[in-house]
Structures are given as C-alpha cells and as structure tokens.
Amino acid sequence: VARDWHPLVLFPLLYREVEVLAAVMGDWRLTETVAATEAALFGGQPSLYLSERLPFVPLSEYLHFCYLAYVVVIPALAAWWYVGGRRAAFHELVLLLAAVMYSSYLFFILFPVDSPYYRFDRLAAPLAGNPFFDLVHAMSARGGARGGAFPSAHVSGAVVVILVAWRHQWRLAVVLAPIVLGLMVATVYGRFHYVVDVIAGVGLALIVVGLYRIPAVHRRGQA
C-alpha cells in the first residue's frame, strides 16, 4: 500500500524544496519573459485586472473554493478508486500525476518564474475577509514556493485528473469539470499565476497523457 501511495505523499513535500533549490540553481530570467509575454498577449496583466473588473464576492468565493478543492479532489479520487477496486484507474492517475508534477518541479528549479502572488499587491477587501479566500491565501502564504509559477502544476494536475476520470468514469469527469474550470480561472483571478502559466500547464498535461496513450508506451506501462 505504501508503495502505491508514496508519489502522492511526496508531491507537497518536494514542492517545498523547489524554492530552496531554485534560489541556488535557477536561472530567473524567464520571469521577465513570461510577464512581458503576458502583457503582449492580453494587453496588460489579467492577474491584476481580472479581479479589478470583477470584484464580486460570490464569484471570488466560488473560484477560491475550486482552488482549494484541488487539495481534496486528488487524494479523495485516488482513495475512491483504490478502495473501490479500480486499480487500473488509480495507477494511471498516480503515474500521470507523477509525470506532470516532477517535470514541473524540475523546470521550476532550473528556470524559476516568480508568480503574480509575489510580484504584485495582494488582493484586499471586498474579496479578502471571506472564508474560502482567507483559507486559500493563508495556505499559499505557508505552503507556496517562489519560482513555481510556469507551468502551473495546479492546472496540469487538474487536467490529468479530469482526463483520467473521463477515461475510466466519465460521469465523475462531468461532475469535476466545473471545479477544474473554476480552478483554472482562480489561478489568475487570485493572482497566483499568469494566463500563460495556465496554458503551459494544460499543454504539459496533454503532452504527458498523449504520450501515455500511445499504444507502445501504454503497453510498457501495464507490463
């Protein structure tokens, strides 16, 4: 059992080491490139103007709920499949999550990017001071890591979850879809990521899942 679950346990532990290693080994020049690309593509910084143009507490709370749900959905779904005997789905989920997470961590260490969370002012009232907002930002303050912006590991992990769910239990994927979409928006709305981080996170997940689905690779994974 421990062997099956250890990659999931290591994700948050290793993420905390990203900031330490990036400070020693990383080339931080990509930070300015990502910010400049964001401004060129979107006429400014969506991570700033999205919440400024849509300062609605119910919207903010829903998006922050989706962002928070990420830390619950992955272990809950894995446990659901493991206990329910869907071991093929469980192992596929863990394998693909490990691939996107550890790939992201390596990139964070070598080419770290400071996220809007560290570069810009934090969101304030009327959005701050509400339950989901405060919980998410408190967790980010304690568990975040500078340099871990591009690509968004939150997004790549969430996309992997919904793609694996669609393959093995499509009705569950339909239920999860609004949460995953909300999480993607929340990463920008809450000033945790740039839009290009989100795009890169989706791209990474699609590449990893696509490679896994290649018949020869898939057969080796089942061997």
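Thresholds, definitions, all that
- Residues numbered from 1 in each chain as written.
- Predicted model: local features only at pLDDT ≥ 70, side-chain atom pairs only at ≥ 80, totals over all residues.
- Heavy atoms only, no water.
- Core = buried A, V, L, I, M, F, W, Y, C linked by side-chain atoms within 4.5 Å.
- Buried < 20%, exposed > 50% of the residue type's maximum accessible area, 1.4 Å probe, protein only.
- Helix = DSSP H or I, 4+ residues; strand = E, 2+ residues; numbered from the N terminus.
- Contact = heavy atoms within 4.5 Å.
- Salt bridge = Lys/Arg side-chain N within 4 Å of Asp/Glu carboxyl O.
- Expected span 1.5 Å × (residues − 1).
- Arc of directions from axis to C-beta.

One broad rule of soluble globular proteins: the nonpolar side chains tend to lie buried together. Formed by 47 residues in total, the largest nonpolar core has its most connected members in W81, L93, L97, V160 and V161. At the level of secondary structure, the elements contributing two or more residues to this core comprise α1 (2-25), α4 (57-83), α5 (87-110), α8 (153-168), α9 (170-189) and α10 (195-213). With 11 residues, the single largest contributor to this core is α5. Those residues in contact with V160 that sit more than four places away from it in its chain are L93, L96, L97, V100, A205 and V209. Y67, L68, L127 and A186 belong to the second largest nonpolar core, which has 11 residues in total.

Here we come to the pattern of salt bridges. Summed over all chains, the structure comprises 6 salt bridges. Two residues, R119 and E32, come together in a salt bridge whose shortest N-O distance is 3.3 Å. Note that R119 is positioned in helix α6 (residues 116-119) and E32 in helix α2 (residues 30-42), a separation of 87 residues in sequence. Note on R119: relative accessible area 32%, which makes it partly exposed. E52 is the salt-bridge partner of R191, the closest N and O atoms lying 3.6 Å from each other. With R191 in the loop between α9 and α10 and E52 in helix α3 (residues 46-53), this residue pair connects regions lying 139 residues apart in the sequence. On the accessibility criterion, R191 (8% relative accessible area) is buried. Each of E92, R167 and R213 takes part in a single network of salt bridges with overlapping partners.

Take the environment of D121 next. Note on placement: D121 falls in the loop between α6 and α7 (131-143). The class for D121 is exposed, based on a relative accessible area of 64%. When the C-alpha positions of D121 and L181 are compared, they lie 25 Å apart, and in sequence the two are 60 residues distant.

Here α2 contains 13 residues, and its C-alpha end-to-end distance of 18 Å stays within 8% of the 18 Å for a straight helix at 1.5 Å per residue. Every buried residue belonging to α2 is among T31, V34, A35 and E38, and all of these are buried. For α2, the angular spread of the buried residues around the axis is 95°, confining them to a single face. For α2, the exposed residues lying more than 90 degrees away from the buried face are A40 and L41. At its buried positions, α2 is contacted by α3, α6 and α10. One or two steps after α2, the chain reaches G43, where phi turns positive at roughly 65°.

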